Amino acid sequence: MRSKKFGVIVVGGGHAGCEAAAAASRMQIPTLLLTHSLDTIGQMSCNPAIGGIGKGHLVKEISAMGGIMAEAADRAAIHKRTLNESKGAAVQATRVQCDRGIYRNAVRALLEKHDHLSLFQQPVKDLIVEDDQVVGVQTEMGIEFRATCIILTTGTFLSGKLHIGKRQQAGGRAGDQSSTALSDYLRSHGRFRFGRLKTGTPPRIQKSSIQYQKLEIQPSVSTTAPFDFWASTPAIEQVDCHITYTNDETHEIIRQTMHESAIFSGDISGSGPRYCPSVEDKIHRFAQQSRHQLFIEPEGIGVDEVYPNGISTSLPYEAQCRLIATIPGFENAHITRPGYAIEYDYFDPRDLQPHLESKHIKNLYFAGQINGTTGYEEAAAQGLLAGINAALCVQGKRNWYPSRAESYIGVLVDDLVKLGTKEPYRMFTSRAEHRLLLREDNADARLSEQAVQFALLSPEKMQRWSDKQALQKQYKDWLAKTVVHPDSPESQVLFEQSGIRLKTPTSCKQLMKRPEVNEHFALQINRQQPKDWQAMRQLVIDIKYDGYITRQKEEVAKRAQHEQTRSPDDFDFQRVKGLSNEVTEKLEAARPHTIGSAARISGITPAAISILMVYLKRYRAMSSAI
């Protein structure tokens, strides 16, 4: 294998690395996945859950393009819920608790099905760069592997340092070594901007030591839709999750020991995740709150350990024991693993092209937490995109990345490469301007056609996609032509399901516009076609929000001109007269590739965009005349 030249080498076996390797190999590219440990490929380092607001949308998009995260999550799902069910379809999101072991094994098994993928256990020490183009990597044992493209998906391992109180140790996560040599190499390159970020985990608790009668029960919802569009994964044993709360006594212990926390003692310089703060941070920032919720997540079926989501901490072990004992149901709880904070290097994503290739080293791609994101889903989405583009590079084809109007992956990457981040970036539906167009249910309609073009879908998946499109066309025609009469059996079904009594004949399409009527009514009275409630649901949502969707599509069309107006890679923004120094500095720092990207940079005014458009027009005219 050492003498073989690969098309793509992926460094790191986390969620980004697995999706990158899977995507490149599905595109028939000889791919090598290098990782510290083959036993931890697909490891859920933090909480045992996939999905959530914004994050679930990313998982559905990964599935639409043939990725593996969705199927692995469905195989391992031991607790399912749809979040925001009482709100509109655009912000409804799927979230599942997973059995850690089943999920990890599923990822490994799915990877090993890829014919063009090889796995190898070795940490990477150096990149081999010739004339500002990466051509290979060197491992800590001195083994060299050569490839056309390299993808770095190093997670929290770059100069990772674990903190428990005043105690520190090097590590990418508890029990795993950090990757200091590779981080030092990138830092020494001189052109990469970098910084430090922080995240953390709560102490794990022995399940059998918890008094569950004192906790609120949150049952699994069996009707929750699967993540994967393609595989029919049978359900496995479902378990309850539970809820409890901190209290004044808990908060007082935290206040008394806060000075010993690595976050507040000054031992950690990196910024932590704003939307998933440590329990110390919660008490400090929200002092008026008398309690904070803990979501008790099972680690797996038959596993005597739980993950108490909501009390991430870097307090000393003794303080963790004291505060845990004050929580209802946890009075006699036994800590199996202490919580800790982890600080690590990340590299400014503004140094990347929109297809995640480095601006400084050709054919080098970055994906995942190395780019400043947090979360499995954000990492996997970047890995998918990096894997696709590395494969396209090997094939000699043009790079690809989705727009903000096409997918949450497009929103994620556009935010990162244009705006950068100073804290771990997390996806939310509120980050997207066109949420009604970017729903979970229609991710395949938005992206699967592109996946077919890239050969990312297996023949079986392509057939399922073709069959679904044909069935939806039949559903659409049926909804338009089928009329429900007031005295018909169908009208009685409508009344029983929604309380609506018809006075005049009404088409099914018109009925679908009513909030009380859903896809289940349509499927119950439709006896002509097979029953696929997800395919019908997409159509029903489009009908209900037709006016709003049309308006959003018009907005997208108006912005398309700006999105298609590109600025040259070597464009000197300082030469543009009329821009303020602040605007010029922001444009030079972000180096936007299009006027649309420039318009989304904080502080860039419409007036500045108008000046840019005029200058670019003159610039192109002068360039073509030369």
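What you see is a predicted model, and the numbers here were worked out from it, not measured in a lab.

Conventions used here
- Residues numbered from 1 in each chain as written.
- Predicted model: local features only at pLDDT ≥ 70, side-chain atom pairs only at ≥ 80, totals over all residues.
- Heavy atoms only, no water.
- Helix = DSSP H or I, 4+ residues; strand = E, 2+ residues; numbered from the N terminus.
- Rg over C-alpha atoms; globule rule 2.2 N^0.38 Å.
- Buried < 20%, exposed > 50% of the residue type's maximum accessible area, 1.4 Å probe, protein only.
- Axes fitted to C-alpha atoms, helices over the stretch in contact; angles between N-to-C directions.
- Parallel < 35°, antiparallel > 145°, perpendicular 65-115°, else oblique.
- Left-handed = near helix turned anticlockwise from the far one by under 90°.
- Contact = heavy atoms within 4.5 Å.
- Salt bridge = Lys/Arg side-chain N within 4 Å of Asp/Glu carboxyl O.
- Pairing = 2+ DSSP bridges.
- Arc of directions from axis to C-beta.
- Polar contact = N/O pair within 3.5 Å; in protein donor to acceptor, adjacent residues only side chain to side chain.

Engineer: What is the right way to read the overall build of the protein chain from this model?
Structural biologist: The number of helices and strands found in the protein chain is 21 helices and 22 strands. Against the compact-globule benchmark of 25 Å for 626 residues, the protein chain has a radius of gyration of 26 Å, which places it among compact chains. Seen along its three principal axes, the alpha-carbon backbone of the protein chain occupies a region of about 80 × 80 × 55 Å. Counting across all 626 residues of the protein chain, residues that qualify as buried make up 57%.

Engineer: Could you clarify how one ought to interpret the packing of helix α13 (residues 459-481) against helix α17 (residues 533-544) in this entry?
Structural biologist: Any two packed helices are characterised by how steeply their axes cross, that is the angle between the axes, and by the distance between the axes. The contact between α13 and α17 brings their axes to 9 Å, and the two run at 50°. Viewed along their axes, α13 and α17 adopt a mutual orientation that is oblique. As for the relative orientation of α13 and α17, their crossing is right-handed in sense. Between α13 and α17, the contacting residues are Lys468, Gln472, Tyr475, Lys476 and Leu479 on the first element and Ala535, Met536, Gln538, Leu539 and Ile543 on the second.

Engineer: In this structure, what is going on with unusual backbone geometry? I would like to understand it.
Structural biologist: Backbone phi values are negative for most residues with the exception of glycine, while trans is the configuration of most peptide bonds. Unlike most non-glycine residues, Asp131 shows phi in positive territory, near 55°. Along the chain, Asp131 falls in the loop between β7 (124-130) and β8 (133-139). Since its relative accessible area comes to 79%, Asp131 is described here as exposed.

Engineer: Whenever I open this one, the pattern of salt bridges confuses me. Can you help?
Structural biologist: A side chain with one charge may pair with a side chain of the opposite charge, provided their charged atoms come close. As enumerated under the stated definition, the model contains 34 salt bridges in all. In this structure, Arg439 and Asp542 form a salt bridge, with 3.0 Å as the shortest nitrogen-oxygen distance. Within this pair, whereas Arg439 is found in the loop between α11 (408-419) and α12 (443-453), its partner Asp542 is found in helix α17, the two being separated by 103 residues in sequence. When its relative accessible area of 32% is taken as the criterion, Asp542 is described as partly exposed. A salt bridge links Lys473 to Asp477, with the shortest nitrogen-to-oxygen separation between them at 3.3 Å. With a gap of four residues between them, Lys473 and Asp477 both fall in helix α13, about one helical turn apart. Accessibility expressed as a relative area gives 40% for Asp477, which makes it partly exposed.

Engineer: Explain the side chain of Thr429 to me, please; I cannot follow it from the model alone.
Structural biologist: As for its placement among the helices and strands, Thr429 is situated in the loop between α11 and α12. We classify Thr429 as buried; its relative accessible area is 7%. Ignoring sequence-local partners within four residues, the contact set of Thr429 consists of Ile53, Gly54, His57, Ala90, Val91, Tyr408 and Arg435.

Engineer: What is the right way to read the sheet that holds strand β5 (residues 93-98) from this model?
Structural biologist: Backbone-to-backbone hydrogen bonds join strands into a sheet, with any given pair of strands oriented parallel or antiparallel. In space, the three strands of this open sheet follow the order β3-β5-β4, with antiparallel pairing throughout. Edge positions in the sheet fall to β3 (49-51) and β4 (77-83), since each has one partner strand and no second. Across the sheet, the axes of successive neighbouring strands diverge by a mean angle of 20°, strand direction being ignored. Strand contacts of helix α3 (residues 69-76): β3, β4 and β5, with the helix running at about 115° to β4, the strand carrying the most contacts.

Engineer: Mind showing me how you'd approach helix α6 (residues 248-257) here?
Structural biologist: What sets the pattern is the α-helix's 3.6 residues per turn: residues three or four places apart point alike. Every buried residue of α6 is listed here: Thr250, His251, Ile253, Ile254 and Thr257. Along α6, the residues classed as buried sweep out an arc of 160° about the axis, all on the same side. Opposite its buried face, α6 presents the exposed residues Asp248 and Glu249, each directed more than 90 degrees away. The inward-facing, buried residues of α6 contact α8 (279-285) and α9 (317-325). With a side-chain oxygen positioned 3.1 Å from the backbone nitrogen of Glu249, the residue opening α6 is Asn247.

Engineer: What is the right way to look at the sheet that holds strand β12 (residues 194-201) in this model?
Structural biologist: Taken in spatial order, the four strands make up an open sheet running β11-β10-β19-β12, and their pairing is antiparallel. In this open sheet, the two edge strands, each paired with only one partner strand, are β11 (167-170) and β12. Going from strand to strand, the sheet's axes swing by 25° on average, the running direction of each strand aside. For strand β10 (residues 161-164) and strand β19 (residues 340-347), the ladder comprises three bridges, and the chain directions are antiparallel. Of the residues in β19, the one forming a bridge with Lys161 is Glu343. With respect to the sheet, helix α5 (residues 180-188) is in contact with β12 and β19, its orientation differing from that of β19 by roughly 35°.

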